[in-house]
Structures are given as C-alpha cells and as structure tokens.
Amino acid sequence: MNQLHTIESLPNGRASDIITEGCMVLEGGGWKGLYTLGVMDYLMEHDINMRATVGISAGSLCGAIYVSGQIGWGARINLTYRKDPNYIGVKAMKTDHGVTGFSYLFHDILADMPLDKRRLLDPSRRFAVGTTNMLTGKTEYFEKGKCNLSLAIRASSTVPFVSRPVVMNKIPYLDGGCSTKIPFRWAVDEGYEKIVVVKTREWEFVRKETHNKGLELFYKKYPNFLKAMTTVNADFNRMNEELKKLHAQKKVYVIAPSKPVTVTRFEGDMEKLWDLYWLGYNDAKDNLEALQKYLQS
C-alpha cells in the first residue's frame, strides 16, 4: 500500500445529507472490520449514504459509524486504541467480561471523540443490528428507535467462549455471527431493491464446516444455539455462492477484498491492520463507477 500509516493520513470530515435508496449490508469479522471502515469512508466521501444499513458483529459497529456520517472516525479510534488494554485485552475482560471494552469505548473514548448521535438517530435512515438469541438459536434484529441501540450493538459484537452473554428483556444474546455471517436476508425481507454487500473475506474464502468440540461444554444448556453454531459455516458458504450469482446478474452489488485477508479476529499486527483499512478504501475507489451505475439503473 502506498498510503501512510499515520492517524493524520486518514480521511476526515462529514458525509453529505444526500441519501441513496437501498440497503447497505455489512459482514462481521472482528478486526477485519477495518476493511469495511475503509470502504465506508470512501463511499461517504462520494455521497453514497444508503437509506438503510444492517450489520452483524463488527459490521454493527461499522454500520453505526456509517450512519453517523463521520468519515475516518472509526479507523481513527480503532487504530489509535488497538493496543490499549482497556479497549482490547486483560482490563477489558475484567471490566466487561469480554474481549472488547465497551464501557471504555462508550464512556471514555467517546467522551474525547464523540459520536454524532443526532445524525445516527435521525429517522430518515434505518439501521439494524443482528444478534443471536441463545434460546432460539435464531438471528434477531434490533433496529434503532425501537431498542437500546448501544446494548444491541454490544450484543451483536459479543464473541462466544470468551465473553459473557448480553441479556436484553431477560433473554441472553451473543454475537450475531454465531447464526448469520452476512445479514443479506434482512435486506431482502425488508423489500429493498438495491442492495450493497460489503464482505470482509475474499470471494475464494470457504469456511470449514466442522464445529468446535468445545461448543457442547460451553453451551450444553442452549441446544438451539449449539445447532446454529454447528451450521453457520455451511450457511455462509451457501450464501457466498448465492451472492456470486446475484452479483454477476447485477441484482446485488458486492464489494469484497481484492486480496486474500490474513487479518485475524483478534489481530494485533498494526501494519496488517493499516494495510487492510487502505485495501478497503482502494477497493471502494476501484468499484465506485460500477457501483454508481448499479444504484442508478
């Protein structure tokens, strides 16, 4: 990548008030979400602000930033605080019983770098996040204006095994990615004709369909959740093939990494994280003309 790896090099500014009809669909993937942030920043710079956005796991955090219209904001936070143990690490585990220090993010980081809540909560644009209901094993979506949004985002991004479930309305929830990797079906079910999907894995990536043997030890009290976890990878592979066909038929527009992604869910290599952000930014640039044609057709 030819871009600098400095906070000052990140794009900055606010998205326009122009709204593009359709739905933005954001895959999760932990720190692979930096790819999504790069894509979002470039699209916001070019007035592509979709009417609706739906995200899963890390995609829910990226979606909140996209709807708030703050260009460069998400990358600035993640690349500044990646090594802060209050945000990611031991202190976060002690405070929030999970890998990510949501309390530190919402109370401390946002005090210095506030989120534009007015724009985020503006009813002119929809925003939904997918979580996994541990009792049913189903993906359950929470939409802004109808829920405690910060709690729903936290639930959507709460990684299994290493995190305590988030309880909402007396129901335990975990990472939306436990039941759905790409929340494409929400956009279809809601009737959107123009759908843009941002993947965090290259097209060629195939998930292993074997399940973690430790699942039954951790979640034996939640049989439906266990079933979801054992089938979600196969569901992802089928979804990936379906999206390939729909993209080729120009029924959906998909932006996927143009190079193999080696960043892991808990990646700590800053060079790799920076490169992934700029990969997303440049992939969006390369897709802009075709994406605009799709949205205008």
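Residues numbered from 1 in each chain as written. Predicted model: local features only at pLDDT ≥ 70, side-chain atom pairs only at ≥ 80, totals over all residues. Heavy atoms only, no water.

Looking now at the overall build of the protein chain. The secondary structure content of the protein chain amounts to 11 helices and 10 strands. Whereas a compact globule of 297 residues would reach a radius of gyration of roughly 19 Å, the protein chain reaches 18 Å, a difference of no more than 12%. Dimensions of the protein chain, computed from C-alpha atoms along their principal axes, come out at roughly 50 × 45 × 35 Å. Counting only residues that meet the buried cut, the protein chain has 58% of its 297 residues in that class. Of the charged side chains in the protein chain, 40 are positive and 33 negative, and the gap between their average positions amounts to 6 Å. (Helix = DSSP H or I, 4+ residues; strand = E, 2+ residues; numbered from the N terminus. Rg over C-alpha atoms; globule rule 2.2 N^0.38 Å. Buried < 20%, exposed > 50% of the residue type's maximum accessible area, 1.4 Å probe, protein only. Lys, Arg positive; Asp, Glu negative; His and termini not counted. Charge placed at Lys NZ, Arg CZ, Asp CG, Glu CD.)

Attention now goes to the packing of aromatic side chains. Enumeration according to the criterion identifies 16 aromatic pairs in this entry. A ring pair is formed by Tyr81 and Tyr104, whose centres lie 6.3 Å apart and whose planes are at 80 degrees; its orientation type is edge-to-face. With Tyr81 in helix H3 (residues 73–81) and Tyr104 in helix H5 (residues 102–112), this residue pair connects regions lying 23 residues apart in the sequence. Accessibility classification places Tyr81 together with Tyr104 in one group, the buried group. A ring pair is formed by Tyr219 and Phe225, whose centres lie 4.9 Å apart and whose planes are at 70 degrees; its orientation type is edge-to-face. Taken as a pair, Tyr219 and Phe225 share a single burial class, namely buried. Through a chain of ring-to-ring contacts, three or more aromatic side chains come together here, namely Trp31, Tyr81, Tyr87 and Tyr104. (Phe/Tyr/Trp six-rings, centres within 6.5 Å; stacked < 30°, edge-to-face > 60°.)

Attention shifts here to the pattern of salt bridges. Side chains carrying opposite charge are able to pair once their charged atoms draw close together. Going through the model one piece at a time under the given rule, you end up with 12 salt bridges. With its nearest N and O atoms 2.7 Å apart, the salt bridge here joins Arg126 to Glu143. You can see Arg126 sitting in strand S5 (residues 126–133) and its partner Glu143 sitting in strand S6 (residues 139–143), a full 17 residues away along the chain. When its relative accessible area of 22% is taken as the criterion, Arg126 is described as partly exposed. Given a relative accessible area of 14%, Glu143 falls into the buried group. Glu242 serves as the salt-bridge partner of Arg185, at 2.3 Å between the closest nitrogen and oxygen. Residue Arg185 is found in helix H8 (residues 184–189), and its partner Glu242 is found in helix H10 (residues 223–248); the two are separated by 57 residues along the sequence. Taking the relative accessible area as the measure of exposure, Arg185 reaches 36% and is therefore partly exposed. On the accessibility criterion, Glu242 (27% relative accessible area) is partly exposed. Each of Arg126, Glu143, Lys146 and Glu190 takes part in salt bridges that share partners, so that together they form one network. (Salt bridge = Lys/Arg side-chain N within 4 Å of Asp/Glu carboxyl O.)

For a regular strand, side chains alternate in direction, first toward one face of the sheet and then toward the other. S5 sits mainly inside the fold: 7 of its 8 residues count as buried. The pairing of strand S3 (residues 50–56) with S5 spans 5 bridges and is classified as parallel. Note that in S5 the partner of Ala52 across the bridge is Arg126. Here S5 runs beside S6; their pairing, made up of 5 bridges, is antiparallel. Residue pairing for S6: Val129 is matched across the bridge by Phe142. Here S5 hands over to S6 after 5 residues, with Gly137 in that stretch at a positive phi of 75 degrees. (Pairing = 2+ DSSP bridges.)

With that settled, consider the nonpolar core. Inside soluble globular proteins, nonpolar side chains tend to come together where they are buried. Grouped together as the largest cluster of nonpolar side chains are 65 residues, with contacts concentrated most on Met24, Leu34, Met40, Ile77, Tyr87 and Leu291. Among the elements that make up this core, the one with the highest residue count is helix H11 (residues 270–296) (12 residues). Sequence-distant contacts of Leu34, that is, excluding residues within four places in its chain, are made with Ala75, Asn78, Leu79, Leu273, Leu276 and Tyr277. Judged by nonpolar contacts, the second largest core, of 19 residues, contains Val54, Ile182, Ala187 and Val254. (Core = buried A, V, L, I, M, F, W, Y, C linked by side-chain atoms within 4.5 Å. Contact = heavy atoms within 4.5 Å.)

What follows deals with helix H7 (residues 149–156). Since one α-helical turn is 3.6 residues long, residues separated by three or four positions face the same way. When we look at burial in H7, the residues that qualify are Leu149, Ala152, Ile153, Ala155 and Ser156. Projected onto a plane normal to the axis of H7, the buried residues spread over an arc of 160 degrees and lie on a single side. (Arc of directions from axis to C-beta.)

Moving on to the packing of helix H1 (residues 33–45) against H11. Where H1 contacts H11, the two axes come as close as 7 Å, and the packing angle between them is 40 degrees. One element, H1, and the other, H11, form an angle in the oblique class. Viewed along their axes, H1 and H11 form a crossing whose handedness is right-handed. Two secondary-structure elements touch here, H1 through Leu34, Tyr35, Leu37, Gly38, Val39, Asp41, Tyr42, Leu43 and Glu45 and H11 through Leu273, Leu276, Tyr277, Leu279, Gly280, Tyr281, Asp283, Ala284, Lys285, Leu288 and Leu291. Counted by class, the contact of H1 with H11 contains 14 nonpolar, 2 polar and 4 charged residues. (Axes fitted to C-alpha atoms, helices over the stretch in contact; angles between N-to-C directions. Parallel < 35°, antiparallel > 145°, perpendicular 65-115°, else oblique. Left-handed = near helix turned anticlockwise from the far one by under 90°. Nonpolar A, V, L, I, M, F, W, Y, C, P; charged D, E, K, R; others polar.)

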